[in-house]
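Observations on the three-dimensional arrangement
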Amino acid sequence: MSAITSKVDPDFPATTKGDQNKLQDMANAVRALSMDAVQAAGSGHPGMPLGAADFATVLFAKFLKFDPTCPKWPDRDRFILSAGHGSMLLYAMLHLTGYEDMTLDEIRNFRQLGSKAAGHPEYGFAEGIETTTGPLGQGLANGVGMAIAERHMNAEFGDDLVDHYTYVIAGDGDLMEGISHEAISHAGQLRLSRLIVLFDDNDICIDGPVSMSETGNQRARFEAAGWHVQAIDGHDMEAVEAALENAKASDLPSMIACKTKIGFGAPNKEGTAGAHGAPLGDEELAATKAALGWEDGPFEIPTNIRDAWRLAGLQGVKPRKAWEKRLEAVGNGTKANFDRRNRGDLPSGLNEALVKFKAGASKAGEKIATRAASGKVLEVINEIVPETLAGSADLTGSVNTKTPNLGIFGPDNYTGRYIHYGIREHAMAGAMNGMALHGGVIPYSGTFLVFSDYCRSAIRLSALMRQRVIYVMTHDSIGLGEDGPTHQPVEHLASLRAMPEVHVYRPADIVETAECWQLALARKDGPSVMVLTRQKLATLRTEHSEKNLACKGGYILRPASDDARVTLVATGSEVEIAAEAQAVLEAENIPTALASLPCWELFADQSQEYRDGIVRPDTVRVGIEAAISFGWERIIGTDSSFIGMTGFGASAPADQLYKHFGITAEAMVDAAKAKLT
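Residues numbered from 1 in each chain as written. Predicted model: local features only at pLDDT ≥ 70, side-chain atom pairs only at ≥ 80, totals over all residues. Heavy atoms only, no water.

**Re the overall build of the protein chain**
For the protein chain, the helix and strand inventory stands at 26 helices and 20 strands. Computed over the C-alpha atoms, the radius of gyration of the protein chain is 28 Å, within 12% of the 26 Å expected from 2.2 N^0.38 for a compact globule of 677 residues. In terms of principal-axis extent, the alpha carbons of the protein chain reach across some 90 × 55 × 45 Å. Buried residues in the protein chain amount to 62% of all 677 residues. Sequence-distant contacts in the protein chain: of pairs separated by 6 or more residues, those separated by 24 or more amount to 77%. Of the accessible surface of the protein chain, which amounts to about 24500 Å², a share of 49% is contributed by carbon and sulfur atoms. In the protein chain, which carries 64 positive and 87 negative side-chain charges, the distance between the mean positions of the two groups comes to 4 Å. (Helix = DSSP H or I, 4+ residues; strand = E, 2+ residues; numbered from the N terminus. Rg over C-alpha atoms; globule rule 2.2 N^0.38 Å. Buried < 20%, exposed > 50% of the residue type's maximum accessible area, 1.4 Å probe, protein only. Contact = heavy atoms within 4.5 Å. Areas by Shrake-Rupley, 256 points an atom, 1.4 Å probe, with all protein chains shown as cover. Lys, Arg positive; Asp, Glu negative; His and termini not counted. Charge placed at Lys NZ, Arg CZ, Asp CG, Glu CD.)

Next comes the structure, spelled out in structure tokens:
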């Protein structure tokens, strides 16, 4: 069999005329498994796998560099099914190529409780599922992030260790979603030549023909964004192979528009919305198999076709073993650093450096906004942790995410560690998910807290996939002042805290900021949101402690002078206000404890005994936060008082707004006294 002309993967055989029937049979095996699984489940999306099976088969059998026997091989190609509703396409490929955990029984239990073959691909359920997709457009943005991580790691470690592609299958729905516009334009600007998108151009969406809602020219759109673009018949396997070779030879990101028929082979549903989101039905399924020449029963794959797929899966063994030899041949320091970064372990020395930073900050007692404090902490972190990839959504000077000597990531400098995302918050968040999933890097980027709404779908997927992505969200309250209610978040803290697996950190001063960053970096299994102020705050932690006091989410910052009658509970900028209230109450001989709660999620993980020791239920409890009260009852109980926002903010200097909305020390004192009487 002749060798592929690709400059990258000479071990992968090219398609010849004699291969066409075999490849067609392999594609029909994917179709058969997909139809059978959807029919057995009584729900699902058969149309996309039926339509995309031909070009997906060429990709997996001829181009994709992977090894099912070593699924976490760092230099494998990444494959993303952004059109996640067509999940059976992926599951069929994984099963047929030999991924051990995607068994035929899993496919028989498609969409059933406990099956690895969930309704949409879910990261962590089975090997070979590189990301969770389903919310359309997210997979495409993840692909941009994976391609960024690949180029950066390649620049750091060279072609011998990092030299792979990211392939994405996207549908019409992916390209309609706004995140796709952001991701596509950014990928073009960065010239991410290792990103190849195969567009399943079938002209159908759920409601009917795409023309009902979209008349734009997708190819022209990609071209305008700086992509290499081709259009082919997605059922012509020779054309698919040629297009993929052309794409790999380009120095631009590539889009291949594969014209396909949704529900390919279904006599009555091919090319219609009827094939999209429901089982074909027994009669149509039988007729489709007959039209495809498929004579085997449900979930049956002929031995010769299964063997062909297994051989396709084994093609990656030789390149993987050659890569392992190259890894062993590099210097011990390089190998150790590469392995450490891919494990996700932090380098030594970080904790000691942060303890030293805290000591200096406590001694200096500087009045500083926590966004600026975060920037100072990041100067320490980024000198020690080379894998951080930073950025912001056109707010570099406001969110303080860029530290000296990072360098700007771009086509002329992929070693750079700072990414100018432009005003693309959603794609920024989606790309960071892709970077984290790729491995070897720790992404963090910033915007204003109010714009977390633009990031929300991607943040949710960070949480669902439990990825270490750090979102820096500044200008966190009415404390930002004159920009007014359009920019003043009031509901956002409650919204983010409501999301499972997200750790929301709202530090009170520069010392807590350092501790929160330490916790966020150490957390491998979930995202963190750093919520930071625009306004300057006093340093409250003036007595140095080597221990990370924020590690349990909440602690007594200042104890009562005697057995406490009142407990004041605050986060972030309002801890300073609560400290003023505590001083007043203590001066009036009312013993009062002050609790700082920088991370509710960590606090909730503590024992009831610990939590009751911090927010004592036998005391009068008053909470304060420049946000709505939603969720505070879980912290201070219902028989308590809360000082905060009840609606949107206003445009005025911050100090005036705090007085106007009654978020003051006086209000806390009055609330405590009212409860004592």
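Still more ground to cover, so stick around.
**Some points on the pairing of strand β12 (residues 470-474)**
Along β12, five of the five residues are buried, which leaves the element largely enclosed by surrounding structure. Every second residue of β12 is oriented toward a common face, with Ile470, Val472 and Thr474 on one face and Tyr471 and Met473 on the other, all of them buried. Across five bridges, strand β11 (residues 442-448) lies against β12 in parallel orientation. Directly across from Phe448, in β12, lies its bridge partner Thr474. For the crossover from β11 across helix α18 (residues 452-465) to β12, the handedness is right-handed. (Pairing = 2+ DSSP bridges. Right-handed = clockwise from strand over helix to strand, strands pointing away.)

**Notes on the nonpolar core**
Nonpolar side chains tend to gather and get buried jointly when the protein is soluble and globular. Ranked by size, the top nonpolar core spans 67 residues in total, and within it Ile148, Leu192, Leu195, Trp227 and Met435 carry the most contacts. Looking at this core element by element, the count peaks at nine residues for helix α5 (residues 138-157). One finds Leu94, Ile107, Ala117 and Met237 within the second-largest nonpolar core, a separate group that totals 62 residues. (Core = buried A, V, L, I, M, F, W, Y, C linked by side-chain atoms within 4.5 Å.)

**So, the packing of aromatic side chains**
The geometry of two aromatic rings is summed up by the distance between their centres and the angle between their planes. Scanning the entire structure with this criterion turns up 16 aromatic pairs. Where Phe222 meets Trp227, the ring centres are 4.9 Å apart and the plane angle is 90°; that geometry is what we call edge-to-face. For the pair formed by Phe222 and Trp227, the shared burial category is buried. Through a chain of ring-to-ring contacts, three or more aromatic side chains come together here, namely Phe60, Phe66, Phe79 and Tyr99. If you follow Arg194 out to its NZ or CZ, it ends over the ring of Tyr165, 4.5 Å from the centre. The residue whose ring lies beneath Arg497 is Trp600, and the NZ or CZ to ring-centre distance is 3.7 Å. (Phe/Tyr/Trp six-rings, centres within 6.5 Å; stacked < 30°, edge-to-face > 60°. Lys NZ or Arg CZ within 6 Å of the ring centre and 35° of its normal.)

**Some words on the sheet that holds strand β1 (residues 78-81)**
Strand order in the open sheet formed by five strands is β1-β2-β3-β7-β6, and the pairing between neighbours is parallel. A single partner strand is all that each edge strand has here, and the edge strands are β1 and β6 (228-233). Averaged over all pairs of adjacent strands, the angle between strand axes in this sheet comes to 15°, irrespective of strand direction. In this sheet, strand β7 (residues 254-259) lies alongside strand β3 (residues 195-201) in parallel orientation, the contact comprising six bridges. Note that in β7 the partner of Val197 across the bridge is Met255. Along the sheet face, α5 touches β1, β2 (166-171) and β3 and points at about 165° away from the line of β2. (Axes fitted to C-alpha atoms, helices over the stretch in contact; angles between N-to-C directions.)

From the geometry alone we can't say anything about function, so treat these as descriptive.
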